[in-house]
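Chain by chain, the residues run as shown.
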Amino acid sequence: MQTTKIKWIKTSKVEELELSRLCLGGGKMTDMSYEDAHKLVINATTSGINIFDAHHRYGNCEWLLGKIYEFDKNYFGKKHVMTKISAYLTWTQAHTKIMESLEKLGREPTIYWVSDLDNDELYKNGEDLYNKLRDMPFRKLRVGITTESAELGRKFMLNYPECNYFMIPLHICQHKGMFDFAREVKNEGKHLFIIKPFN
């Protein structure tokens with residue numbers, strides 16, 4: 001796999017964390033071999049990226065990141081992984097996926113996202129997952145949500161003021177009200193992640 005050098009990536013302070021302004025999305029790693037994934041992650045980290053985005057839907061991405069972490073815990077242990085659980089799942093299904101994710105990653109993620117809070121039904125289920133995930137005995141748990149709805153994002157921010165992490169897909173930024181919502185998230189001092197869909 002060809003590697004490409006890019007300019008050093010700036011970091012931002014997220015609570016006590018120093019996170020790169022860009023993260024490596026795991027969607028591209030879905031069907032990747034371990035060797036290619038290892039090269040990709042090394043290229044990313046030497047370019048200044050220190051956070052990786054995964055999901056239980058991204059094929060073997062979590063397993064790959066876990067194996068890479070296992071290869072050199074001293075080095076990769078200083079990098080951050082975030083993963084997601086989908087609001088399409090029941091809590092029983094989600095709990096199984098969470099435990100599988102932890103086993104594959106080999107560690108607790110820096111941020112756990114409840115994804116797909118995109119309509120009223122998914123919002124309601126996402127609320128349930130969010131609350132139950134927060135009750136799990138993690139050492140340091142940061143939980144956020146992903147949404148394609150500015151209205152539901154605002155509703156969640158109002159109902160759960162302790163939630164400091166919000167993620168929106170890049171193509172959704174063009175939708176009505178999403179720019180304003182993104183600005184509100186930042187104005188509230190919360191952390192906004194914008195992800196480019198890989199499909």
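See the structure printed just above.
Rules and cut-offs
- Residues numbered from 1 in each chain as written.
- Predicted model: local features only at pLDDT ≥ 70, side-chain atom pairs only at ≥ 80, totals over all residues.
- Heavy atoms only, no water.
- Core = buried A, V, L, I, M, F, W, Y, C linked by side-chain atoms within 4.5 Å.
- Buried < 20%, exposed > 50% of the residue type's maximum accessible area, 1.4 Å probe, protein only.
- Helix = DSSP H or I, 4+ residues; strand = E, 2+ residues; numbered from the N terminus.
- Contact = heavy atoms within 4.5 Å.
- Pairing = 2+ DSSP bridges.
- Right-handed = clockwise from strand over helix to strand, strands pointing away.

K.L.:
What am I meant to see in the nonpolar core here?
P.N.:
One broad rule of soluble globular proteins: the nonpolar side chains tend to lie buried together. The biggest cluster of nonpolar side chains holds 31 residues, and the ones touching the most others in it are I98, V114, Y130, L133, F156, F166 and F181. Only α4 (91-105), β6 (111-115), α5 (120-134), β7 (143-146), α6 (150-159), β8 (165-169) and α7 (178-187) provide two or more residues apiece to this core. Tallying contributions element by element places α5 first for this core, with five residues. Apart from the residues within four sequence positions on either side, F166 is in contact with W113, I145, G153, F156, M157, F181, V185, K190, H191, L192 and F193.

K.L.:
Can you walk me through the pairing of β6 in this structure?
P.N.:
Remark: a regular strand shows side chains that alternate across the two faces of the sheet. Where burial is concerned, most of β6 is hidden: five out of the five residues are buried. Side chains I111, W113 and S115 of β6 all project onto a buried face; the interleaved residues Y112 and V114 project onto the opposite face, where all are buried too. Two strands pair when backbone bridges link them, and strand β5 (residues 80-86) and β6 are joined in this way by five bridges, in the parallel orientation. Within β6, the residue paired with I85 across the bridge is V114. The parallel pair β5 and β6, bridged by α4, forms a crossover whose chirality is right-handed. Bridge analysis of β6 against β7 gives three bridges, and the strand direction is parallel. Of the residues in β7, the one forming a bridge with V114 is I145.

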